[in-house]
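# Structural description and commentary
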Amino acid sequence: MNRKQTYLIERVRSGADERAASVRLVTPEELLFRPAPAEWHIHEIVAHLLQTHRDRFVPCIALALREPGTAISAFDPVAHMAAHYQAGDTLSGMLAKFRAECRRIAALVESAKPAAMANTIAHPRMGNVSAEWWALHAYGHT
């Protein structure tokens with residue numbers, strides 16, 4: 001493991017804690033407030049973060065490390081949200097699951113040989129995308 005991986009692991013892990021802290025004092029009214037009719041409220045945003053980490057970032061990192069060169073399909077976050085959002089999920093439960101997904105990303109990065117982080121998978125629009133890019137994107141998305 002190199003310094004870049006160590007830094008990325010620290011950032012991914014801290015991102016989960018930062019998100020939890022950022023919504024800890026949110027009132028129930030604020031949790032469901034929509035800034036505009038077509039925009040997501042905080043509960044939906046947290047659900048989206050969990051879903052994209054669990055259903056996109058973790059699998060893409062793992063696939064790039066395990067089976068480089070594999071082609072993947074495009075991901076539509078709006079359609080995915082419509083299909084998987086559960087309004088009854090608790091904020092604390094989603095945040096706990098989100099932390100677990102961040103730990104999964106950190107574990108994948110930690111276990112990878114530095115050279116393997118350059119392994120790519122083929123995205124239909126973005127071309128070849130590395131495991132490192134997926135991990136960095138997961139942190140940036142958070």
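Notes on the structure follow. Quick caveat: nothing in here was measured; it's all calculated off a predicted structure.

### Topic: the overall build of the chain
If you tally the helices and strands in the chain, you get six helices and two strands. Scanning the chain from its N terminus toward the C terminus, one meets helices and strands in the order α-α-α-α-α-β-β-α. Here the C-alpha radius of gyration of the chain, 16 Å, is about what a compact globule of 142 residues would show, namely 14 Å. Across its three principal axes, the chain shows a C-alpha extent of roughly 45 × 30 × 20 Å. Burial statistics for the chain: of 142 residues in total, 39% are counted as buried. Across the chain, the fraction of contacts at a sequence separation of at least 24, relative to all contacts at a separation of at least 6, is 74%. Surface accessibility of the chain: about 7,900 Å² in total, with carbon and sulfur atoms responsible for 57%.

### Topic: the pairing of strand 2 (residues 127–130)
The pairing of strand 1 (residues 120–123) with strand 2 spans four bridges and is antiparallel. Note on strand 2: the bridge partner recorded for H123 is G127. Taking the residues that link successive antiparallel strands as the turn, the strand 1-strand 2 hairpin has three residues.

### Focus on the nonpolar core
Membership of the largest hydrophobic core comes to 27 residues, with the highest contact counts inside it found for I105, V109, I121 and W134. Element by element, the count of residues in this core is highest for helix 3 (residues 42–66), at eight residues. Apart from the residues within four sequence positions on either side, W134 is in contact with R56, F57, C60, I61, I72, I121, H123, M126 and V129. Ranked by size, the runner-up nonpolar core spans 10 residues in total, among them A20, L31, M81 and L95.

### Focus: the packing of aromatic side chains
All told, the structure shown has two aromatic pairs when counted by the stated rule. Considering the side-chain rings of W133 and W134, the 5.0 Å spacing of their centres and the 85 degrees angle between planes classify their relative orientation as edge-to-face. With relative accessibility at 32%, the residue W133 sits in the partly exposed group. One aromatic cluster is present, formed by F57, W133 and W134 through successive ring pairs.

### Describing the environment of H123
As for its position among the elements, H123 is in strand 1. The spacing of H123 and C60 is 63 residues in sequence and 10.0 Å in space, taken between C-alpha atoms. In this structure, H123 is in contact with R56, I72, A74, V129 and W134, ignoring residues within four places of it in sequence. One polar contact links the side chain of H123 to the main-chain amide nitrogen of R125, over a distance of 3.0 Å. Polar side-chain contacts of H123 include one of 3.1 Å to the backbone nitrogen of M126.

### Remarks on the packing of helix 3 against helix 6 (residues 131–141)
Look at helix 3 against helix 6: their axes get within 8 Å of each other, and the N-to-C directions meet at 165 degrees. Relative to helix 6, helix 3 is oriented roughly antiparallel. For the crossing formed where helix 3 meets helix 6, the hand is left-handed. For the pair formed by helix 3 and helix 6, the contact residues are H48, L49, T52, H53, R56, F57, C60, I61, A64 and L65 on the first element and A131, W134, A135, H137, A138 and H141 on the second.

Calculation rules
Residues numbered from 1 in each chain as written. Predicted model: local features only at pLDDT ≥ 70, side-chain atom pairs only at ≥ 80, totals over all residues. Heavy atoms only, no water. Helix = DSSP H or I, 4+ residues; strand = E, 2+ residues; numbered from the N terminus. Rg over C-alpha atoms; globule rule 2.2 N^0.38 Å. Buried < 20%, exposed > 50% of the residue type's maximum accessible area, 1.4 Å probe, protein only. Contact = heavy atoms within 4.5 Å. Areas by Shrake-Rupley, 256 points an atom, 1.4 Å probe, with all protein chains shown as cover. Pairing = 2+ DSSP bridges. Core = buried A, V, L, I, M, F, W, Y, C linked by side-chain atoms within 4.5 Å. Phe/Tyr/Trp six-rings, centres within 6.5 Å; stacked < 30°, edge-to-face > 60°. Polar contact = N/O pair within 3.5 Å; in protein donor to acceptor, adjacent residues only side chain to side chain. Axes fitted to C-alpha atoms, helices over the stretch in contact; angles between N-to-C directions. Parallel < 35°, antiparallel > 145°, perpendicular 65-115°, else oblique. Left-handed = near helix turned anticlockwise from the far one by under 90°.

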